[in-house]
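Below, each chain spelled out in residue letters.
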Amino acid sequence: TLANSGPDSGQGKFLFLDSIKYGNNSGGVELTSNSAAPSTEGYCLSFYYNMFGTEQSFIDMAIESMQNPTVGKDRRTIFIQFNTTVDIWKKQEVTINHKSSNWRLFIGAYVEGPFGDISLD
């Protein structure tokens, strides 16, 4: 990573989006989970994130209902965070309530230049 971007350290293993890969262009990664079972009590998603740098960046987490593939995906944002300028790990908890029998978690991390890294743990 470039100086003054990305986390200085992490504990264990974590996902890291190194914005230098994209040069002056924007880019990102998208992850999706396997289909998840419905729950009447909901799920608690707990994670840490680190966003640092001078370029615009953001994390978008959503749940997608996969009930009717011919109609398309029904996506609902459950967490969104735009770039920060403080190099610290932040803990976030999100409650997911979804009664559909066929849904999945979507995570997107995006940067708009070489000076804005994102890490998720």
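First things first, this report covers the structure right here in the doc.

Parameters and conventions
- For every chain, the first residue of the written sequence is number 1, and numbering continues from 1 onward in sequence order.
- Totals for whole chains, interfaces and linings use every residue, but because this is a predicted model, local features are given only for residues with pLDDT of at least 70 and side-chain atom pairs only at 80 or more, for both listing and counting.
- Side-chain numbers here rest on the full set of heavy atoms in the structure, without hydrogens or water.
- Segments assigned H or I by DSSP are reported as helices when at least four residues long, segments assigned E as strands when at least two residues long, and all are numbered from the N terminus.
- Whether a residue is buried, partly exposed or exposed follows from its accessible area with a 1.4 Å probe, protein chains only, as a fraction of its type maximum: under 20%, in between, or over 50%, in that order.
- We call two residues in contact when some of their heavy atoms are within 4.5 Å.
- Criterion used throughout: strands pair if DSSP finds at least two bridges between them.
- Think of each axis as a best-fit line through the C-alpha atoms, taken over the contacting stretch in the case of a helix, with angles from 0 to 180 degrees between the N-to-C directions.
- For Phe, Tyr and Trp, rings pair up if their centres lie within 6.5 Å, where Trp contributes its six-membered ring, and each pair is then called stacked (planes under 30 degrees apart), edge-to-face (over 60) or tilted (otherwise).

1. Regarding the environment of Tyr48
Locating Tyr48 in the fold gives a position in strand E3 (residues 43-53). On the basis of relative accessible area, Tyr48 is assigned to the partly exposed category, the value being 36%. Note: C-alpha distance between Tyr48 and Asp121 (73 residues apart in sequence) is 5.1 Å. Among residues more than four places away in sequence, those in contact with Tyr48 are Trp89, Lys90, Lys91, Ser119, Leu120 and Asp121.

2. Overview of the sheet that holds strand E2 (residues 27-32)
Within the open sheet, the four strands sit side by side as E2-E7-E4-E5. Their pairing is antiparallel. The strands lining the two open edges of the sheet, one partner per strand, are E2 and strand E5 (74-82). The average angle at which neighbouring strand axes cross in this sheet is 15°, direction not considered. By the bridge criterion, nine bridges tie strand E4 (residues 57-65) to strand E7 (residues 103-111) in an arrangement that is antiparallel. Note on E7: the bridge partner recorded for Met61 is Ile107.

3. Quick word on the packing of aromatic side chains
Applying the stated criterion across every chain yields a total of six aromatic pairs. Ring centres of Phe47 and Phe79 lie 5.4 Å apart, and the angle between their planes is 80°; this geometry places the pair in the edge-to-face category. With Phe47 in strand E3 and Phe79 in strand E5, this residue pair connects regions lying 32 residues apart in the sequence. As far as the burial class goes, Phe47 and Phe79 line up, both buried. Between the aromatic rings of Phe58 and Phe82, the centroid separation amounts to 5.5 Å while the plane-to-plane angle is 35°, which identifies the pairing as tilted. Of this pair, Phe58 sits in strand E4 while Phe82 sits in strand E5, placing them 24 residues apart in sequence. What makes Phe58 partly exposed here is its relative accessible area of 21%. The exposure class assigned to Phe82 is partly exposed, which follows from its relative accessible area of 43%. Put simply, the rings of Phe47, Tyr49 and Phe79 pair up and form one aromatic cluster.

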